[in-house]
Amino acid sequence: MTEPKHYFAPTSLDQAVECLKDGDVTILAGGTDLTPQSQSGKLRIKQTLMNIRRVPELTGITLEGDEIRIGALTTITEIMENALVKQHFPVLVEACDHFASDQIRNVATLGGNICNASPAGDTLIPLLVLDASVELASMPEATLYRHSMPLSTFFVGPGKTRRSLCELVTGVRIRVPGPNHIAHFHKLGTRPALDISTISIGIAGTLKEGILSNVRVAFGAVAPTPVRASQTEKALEGQRLDAVTIGKVAGIARDEVKPIDDVRATAWYRKEMIHNITKRMLSHVAQA
Amino acid sequence: MSVAEKKPRVIEPDSLIGKRIPKMDAPEKASGRTRYIHDINLSGQLYGRILRSARIHALIKSIDTSAARALPGVHVVITAADIPDQRPIGVARDHFPLKVGRVRSQRDEIAAVAAESEEIAEAALKLIRVVYEDLPVISDPEEAIKPGAALIHPEPHGADGTHLHLKQGTSIAHKGKPDNIAMTFDYVHGDVIQGEAESDVVIEDTFRLHYVTHCCMGVSGMIAEFDASGNLLMYSNTQVPFLHKREFAEYLNMDPARIRIIQPPIGGGFGSKLDIYPFEVICLYLARAAKRPVKMLFTREEEFLASPTRQPVLLTLRSGCKKDGTLTFRQVHTLHDNGAYTSWGATTPFVMMQTFSSLYRVPHCDYHTAAVYTNNPYAGSFRGYGNLQATFAIEQHMDMLAERIGMDSLAFRLKNAQDSGETTGQGMVFKSCGFKDCINTAAQRSDYTRKFKENEVNRSRPGNIRRGIGMASMLHVGGGAKIYPSDGCGTILKMDDFANVTLITGASEIGQGSETVLSQLVCEELGLPISAITVVNNDTAITPWDVGVHASRTTFIAGNSAIGAAKKAKTKILAVAAKKYECAESDLDLRGGFVIKASSGEVVVELSKLLRNLHFQDKAELVMTTFYYEPPSVHQDKGFKGDVSAAYAWGAQVVEVEVDTDTGRVRMTKVTGAHDVGRVLNRLGIEGQIEGGVVMGQGYALTEELLIENGVMKNPNFRDYKLVTAPEIPEMDISFIESMDGEGPQGAKGVGEAPAICVAAATANAICNATGVRMFELPFTPEKVYRALHGQTPKLYWKPWRADQ
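About the criteria used
Residues numbered from 1 in each chain as written. Chains lettered and ligands numbered in written order. Predicted model: local features only at pLDDT ≥ 70, side-chain atom pairs only at ≥ 80, totals over all residues. Heavy atoms only, no water. Helix = DSSP H or I, 4+ residues; strand = E, 2+ residues; numbered from the N terminus. Rg over C-alpha atoms; globule rule 2.2 N^0.38 Å. Buried < 20%, exposed > 50% of the residue type's maximum accessible area, 1.4 Å probe, protein only. Contact = heavy atoms within 4.5 Å. Areas by Shrake-Rupley, 256 points an atom, 1.4 Å probe, with all protein chains shown as cover. Lys, Arg positive; Asp, Glu negative; His and termini not counted. Charge placed at Lys NZ, Arg CZ, Asp CG, Glu CD. Pairing = 2+ DSSP bridges. Domains from an automatic or database assignment. Buried area = accessible area lost by both parts, 1.4 Å probe. Salt bridge = Lys/Arg side-chain N within 4 Å of Asp/Glu carboxyl O. Axes fitted to C-alpha atoms, helices over the stretch in contact; angles between N-to-C directions. Left-handed = near helix turned anticlockwise from the far one by under 90°. Nonpolar A, V, L, I, M, F, W, Y, C, P; charged D, E, K, R; others polar. Polar contact = N/O pair within 3.5 Å; in protein donor to acceptor, adjacent residues only side chain to side chain. Expected span 1.5 Å × (residues − 1). Phe/Tyr/Trp six-rings, centres within 6.5 Å; stacked < 30°, edge-to-face > 60°. Lys NZ or Arg CZ within 6 Å of the ring centre and 35° of its normal. Parallel < 35°, antiparallel > 145°, perpendicular 65-115°, else oblique. Disulfide = S-S within 2.5 Å.

Comments concerning the overall build of chain A
Step number 1: What chain A contains, in helices and strands, is 11 helices and 15 strands.
Step number 2: In terms of C-alpha radius of gyration, chain A reaches 19 Å, essentially the compact-globule figure of 19 Å for 288 residues.
Step number 3: Seen through its principal axes, chain A has C-alpha atoms that stretch 60 × 45 × 35 Å.
Step number 4: Looking at the 288 residues of chain A, the share that counts as buried comes to 52%.
Step number 5: Summarising the internal contacts of chain A: among those between residues at least 6 apart in sequence, 61% fall at separations of at least 24.
Step number 6: Surface exposure of chain A reaches about 12,700 Å², of which carbon and sulfur atoms provide 52%.
Step number 7: Computing the positive centroid from 31 side-chain charges and the negative centroid from 30, chain A places the two 4 Å apart.

This is the structure:
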């Protein structure tokens, strides 16, 4: 494990983003990815290790207009137990229920899961199909600058995002869905718990009189980043979920993904699972 | 003067045998107070770390340790060049602790550092520069055994290329080998050609068994200290302190009498601590050079990389039977991937051939193994010792043969199952044998026959979930195994003035619960509560000799030894009491802490009072006894025949699964087991032993696999090496068949390994029952099962390695 030269624990957002100005900073939140990655040598801790856990602006789940904001420091357990999330985004709770183990969920944060940018990140798939956006803060001059971007454009590669070194992810924003909104998540692994996805699938949209619209489909662990599946979405948009459509869409999904072989599965199996699970999920939607 | 009539106190008979007795170490462990080796620190202690190879197979051209030596806080840096008296280690003496001139696997030890902190030691390792010259990597045993294959241990040649022809007697580490064959085993009884001629049905299949490792919760470690006189004290997690003491003495070229091994509480063994590994000898070198105590602990990654594995096996089995269901023959060829060096894994054929020759009546059996050197991790001993692998093949063939002759698979097993009193072709004598009871009990309690038929019918129904049920049986040594000159265990027993007992036993506790069972046996004999005993079992300077924790032997061997010592104590006590109270010894007994009248239970005298009287009289005496138990087993002859164990354990397990045909995921829903354990001693302990073994077997069957690619371990961590987690553990229904073994302590037999053996085989049969698809390769991960269900698995076939067969 590499050792940082400085340790800093800011107590306000201003202090935190000011510290990021010089760029050579490793950010610590829950530490559930940072610790094993730094110990295995996959990640080098920079000059300064900044513990952001005392920054109040990064916490809390609040309803702001027609959006819900989830602070970056919110733990997976807090998300699962939150009334607003349970009411509006049950799909996120479902994904969190498959996230690692109880112990890890108690400390791992949503912001950390996003910034770790694993292609198999468990919360990323539901966030993508919910059209979440990422809030970022920085201090280019003397004052705080905030902006946000759609999560679907945030990921660049495994562990790589469009966050610049002097920016801090402060939270995510998700619009409260309208009536007839449906959203589902499925994670496939070897074990029911404590597992990295072999593949994961999120499907969301508006289901009215058997017709699916505003379709969002996202796949995990089949590309260098979690991805939206545009061809699968197109094939589903405005369709009635009958057996023929479901079969056709599952085939398009399988052809759309370009996974790799790794220790968890081969590309062939991943494509098969994208097909079979997409089909299973759509059948469940149709039957519900 | 009138004396009030005082009713004599009567002690009712009671027994500790079969009761649910919590493990004696449980309160300490559950409350986090147990001091493992990790918690022990000696004053002046340094921290040792090992530099392992950056290559899989390479020549070491140079090692530069100068920068590491110069780092402040570093006391000692050693390489092979610094230890001129290195001796070859391992079962075949085929490697040096610090590698000389060549590395042959990812784990290979190149240099070691002792420093004032782990961080400094780690930093020093990074400063060591090694120049390698790569050699071709041989990771496939089928390639390694071919004539002309590149050699892992080539014979040394002089600078001019001429063969040095070192004289016989020097070890493989010195003189090399002309081929890659580490060991071979050939066994035969009967005549398989005749057996095949008599067969109505013959089948042949190849099975592939994979790499798994023990995953002990406590990582490996040791502390070594030489005192001012040069005596060595080791804090070690070994399972075999007495044999290892002798072996360490050989490696250090010192008198074994000057070595003392203390075993702190051990965080799991399962066979992994049955051999001496390079890190242990290196730790001794560091302590010797530094003249300070040196502590060495593995990281979890290191534990994966540098621990032994279960033996991977490629196995081709040919079996036959008659139409009436009589087994005719078995012919077995196995290719064992030995890895770069030889540890106990290479000797698993000792156990495997027993299963092939003697689980069921087989008139003709022919067994051959070659263990072949490769650049892969090397395999050691692991709970079951080859029996999981052998049983995986045999028990699938039992189902397949039954199907071919149209016989019910349960009836087929029962027709060929042995009874007590039989002697097998390999010379094993089944004095107590509850095999048929095991099969019948497991089948009845699981409703095997009805479910088996129903599941076959349900295969064609719609839906993606298929249910399956499968059975497997096993035979394993249950009364020790006579491998070494002695298979015995010694006991020293002393009683104090308060009738408390100290049991000093050679048998090591590695978490299996032996100290509790041994205490029960002693207290049962002496009529004392379990609270009256203290066990000392972890110091070679105090405890008498024992051959070690292996072969499911401790309850049986150490148990009989403890009973022997307790009986001698009891005889002495009763003789003293009989004399004092002027009656026959046979009129007296011990019960509840008293000497009583055997006929009525009436109290004669409090035992502690009697002991004090004995001690503080003119001819003062103490009650202290010793006993050494040697089981009545025999060594095998050169053809591997002989009654190697004093008793044999039997078992049958039925596994139920749900297979998701959309994903290939197999969910194990229930395991029904019936085990012939001789007799239940500690019901709580044996339940834990069986349940733990089943879960270990479940991991072997479904999730665990060390992925090795070209000699590189791809998943040395718990994220990608998947142990079974709590929600996956199936419902279990375990029955104990009490066959009351005549030689066993209170009738008991050893069962430490038994519960892990059947699970994978029974799971394979269950998956076939569910889907109609037979799986020949472990583990049954979702992808592997899905591929098989979709015809994407080419039929495995390995042509036996002997050209003449």
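A short note on the pairing of strand 10 (residues 168-175) of chain A
Residue and element names in this part refer to chain A.
Step number 1: The buried fraction of strand 10 amounts to 6 of the 8 residues, a majority that puts the element mostly inside the structure.
Step number 2: Across 5 bridges, the pairing between strand 5 (residues 67-71) and strand 10 is antiparallel. Within the sheet, the bridge partner assigned to Arg-69 lies in strand 10 and is Arg-173.
Step number 3: Sheet topology note: the strand 6 (residues 133-138)/strand 10 ladder contains 5 bridges and is antiparallel. From the neighbouring strand, Leu-136 faces strand 10, where its bridge partner is Val-169.

Topic: the domain arrangement of chain B
Residue and element names in this part refer to chain B.
Step number 1: Looking at the assigned domains, one finds that chain B contains domain 1 (43-136 + 219-266 + 273-306), domain 2 (146-179), domain 3 (313-481 + 637-789) and domain 4 (483-629).
Step number 2: Inter-centroid distance (C-alpha atoms) of domain 1 to domain 4 is 41 Å.
Step number 3: Counting residues at the interface gives 13 residues for domain 1 and 18 residues for domain 4.
Step number 4: Taken over both partners, the interface formed by domain 1 and domain 4 buries close to 1,300 Å², and the fraction arising from carbon and sulfur atoms is 56%.
Step number 5: When the buried surface of domain 1 facing domain 4 is broken down by residue, Gln-239, Phe-242 and Leu-243 rank first, second and third, together holding 46% of it.
Step number 6: If you look at where domain 1 meets domain 4, you find 1 salt bridge.
Step number 7: Residue Arg-260 pairs with Asp-539 through a salt bridge whose shortest N-O separation is 2.5 Å.

Description of the packing of helix 11 (residues 387-404) of chain B against helix 20 (residues 759-771) of chain B
Residue and element names in this part refer to chain B.
Step number 1: Contact geometry for helix 11 and helix 20: axes closest at 8 Å, N-to-C directions at 35°. The way helix 11 lies across helix 20 gives a crossing that is right-handed. Where helix 11 abuts helix 20, its residues Thr-391, Phe-392, Glu-395, Gln-396 and Asp-399 lie against Ala-760, Ala-761, Ala-764 and Asn-765.
Step number 2: Taken together, the residues that form the contact of helix 11 with helix 20 break down as 4 nonpolar, 3 polar and 2 charged.

What to know about the interface of chain A and chain B
Step number 1: On the chain B side, the residues contacting the 20 residues of chain A number 23 residues.
Step number 2: Summing both partners gives a buried area of about 2,000 Å² for chain A against chain B, and 56% of it is carried by carbon and sulfur.
Step number 3: On the chain A side of the contact with chain B, Thr190(A), Arg191(A) and Trp268(A) bury the most area, a combined 32% of that side's loss.
Step number 4: Our count for the contact surface shared by chain A and chain B stands at 4 salt bridges.
Step number 5: Here chain A is connected to chain B by 12 residue pairs in polar contact (both at pLDDT 80 or more).
Step number 6: Here the side of chain A that touches chain B is built from residues that sort into 10 nonpolar, 4 polar and 6 charged.

Considering helix 18 (residues 683-703) of chain B
Step number 1: Taking 1.5 Å per residue as the helical rise, helix 18 of chain B with its 21 residues ought to reach 30 Å, and the 29 Å between its terminal C-alpha atoms agrees with that figure.
Step number 2: The N-terminus of helix 18 of chain B is capped by Asn682(B), whose side-chain oxygen sits 3.2 Å from the backbone nitrogen of Leu684(B).

Description of the domain arrangement of chain A
Step number 1: Assigned domains of chain A: these are domain 1 (6-51), domain 2 (59-175) and domain 3 (181-287).
Step number 2: The gap between the C-alpha centroids of domain 1 of chain A and domain 3 of chain A is 35 Å.

Regarding the sheet that holds strand 8 (residues 201-209) of chain B
Residue and element names in this part refer to chain B.
Step number 1: The 5 strands lie next to each other as 7-15-14-13-8, forming an open sheet whose pairing is mixed. Strand pairing shows two members of the sheet lacking a second neighbour, strand 7 (181-189) and strand 8, which therefore form its edges. Sheet twist, expressed as the average angle between the axes of neighbouring strands with direction ignored, equals 5°.
Step number 2: Direction of pairing for strand 8 relative to strand 13 (residues 313-321): antiparallel, over a ladder of 9 bridges.

Focus on the side chain of Glu302(B)
Residue and element names in this part refer to chain B.
Step number 1: Mapped onto the secondary structure, Glu-302 falls in helix 9 (residues 300-306).
Step number 2: Within polar-contact distance, the side chain of Glu-302 engages the side chain of Arg-52 at 3.2 Å.
Step number 3: Setting aside residues up to four positions removed in sequence, Glu-302 forms contacts with Arg-49, Ile-50, Arg-52, Leu-297 and Ser-307.

Details of the packing of aromatic side chains
Step number 1: In the structure shown here, the tally under the stated rule is 19 aromatic pairs over all chains.
Step number 2: Judged by centre distance (5.8 Å) and plane angle (55°), the rings of Trp268(A) and Tyr786(B) are tilted. In this pair, Trp268(A) is assigned in helix 11 (residues 267-287) and Tyr786(B) in helix 21 (residues 782-789), connecting two distinct chains.
Step number 3: Taking the relative accessible area as the measure of exposure, Trp268(A) reaches 27% and is therefore partly exposed.
Step number 4: Aromatic side chains Phe185(B) and Phe350(B) sit 5.3 Å apart centroid to centroid with 75° between the ring planes, which places their arrangement in the edge-to-face category. Of the two residues, Phe185(B) sits in strand 7 while Phe350(B) sits in helix 10 (residues 349-358), which places them 165 residues apart along the sequence.
Step number 5: A cation over a ring is seen here: Arg310(B) above Phe382(B), with NZ or CZ 3.9 Å from the ring centre.
Step number 6: Here the basic side chain of Lys795(B) rests over the ring of Phe776(B), its NZ or CZ set 3.8 Å away from the ring centre.

Side note on the packing of helix 15 (residues 514-526) of chain B against helix 16 (residues 554-581) of chain B
All names here are of chain B.
Step number 1: Taken N-terminus to C-terminus, the directions of helix 15 and helix 16 make an angle of 30°; their axes are 9 Å apart at the nearest point. Of the possible angle classes, the one that applies to helix 15 and helix 16 is roughly parallel. Crossing of helix 15 against helix 16: the hand is right-handed. For the pair helix 15 and helix 16, the contacting residues are Ser-514, Val-517, Leu-518, Leu-521, Val-522, Glu-525 and Leu-526 in the first and Thr-554, Thr-555, Ala-558, Gly-559, Ala-562, Ile-563, Ala-566, Lys-567, Ala-569 and Lys-570 in the second.
Step number 2: Tallied by class, residues from the contact of helix 15 with helix 16 come to 10 nonpolar, 4 polar and 3 charged.

Quick notes on the state of the cysteines
Residue and element names in this part refer to chain B.
Step number 1: Under the defined criterion, the tally for this structure stands at 0 disulfides over all chains.
Step number 2: Distance from the sulfur of Cys-215, which forms no disulfide, to the nearest cysteine sulfur (Cys-216) is 7.9 Å.
Step number 3: Left without a disulfide partner, Cys-489 is nearest to the cysteine sulfur of Cys-523, which lies 17 Å away.

What about the sheet that holds strand 17 (residues 489-495) of chain B?
All names here are of chain B.
Step number 1: Judged by pairing direction, the sheet is mixed, and its 4 strands sit side by side in the order 19-18-17-23 without closing on themselves. The open sheet is flanked by strand 19 (533-536) and strand 23 (624-629), the only strands paired with a single partner. Shown here is a sheet whose adjacent strand axes are inclined to one another by a mean of 20°, direction ignored.
Step number 2: Judged from the 4 bridges that link them, strand 18 (residues 501-505) and strand 19 form a sheet pairing that is parallel. Pairing of Ile-504 across the sheet is with Val-536, part of strand 19.
Step number 3: Lying over the sheet, helix 15 contacts strand 17, strand 18 and strand 19, oriented at roughly 130° with respect to strand 18.

A few points about unusual backbone geometry
All names here are of chain B.
Step number 1: A cis amide bond links Leu-778 to the next residue, Pro-779, at an omega of -10°.
Step number 2: Of note, Pro-779 is situated in the loop between helix 20 and helix 21.
Step number 3: Even without being glycine, Tyr-360 reaches a positive phi, approximately 75°.
Step number 4: On the secondary structure map, Tyr-360 appears in the loop between helix 10 and strand 15 (364-373).
Step number 5: A positive phi angle, near 55°, is found at Ala-551, a position not held by glycine.
Step number 6: Looking at where Ala-551 falls in the secondary structure, it is placed in the loop between strand 19 and helix 16.
Step number 7: With a relative accessible area of 15%, Ala-551 lands in the buried category.

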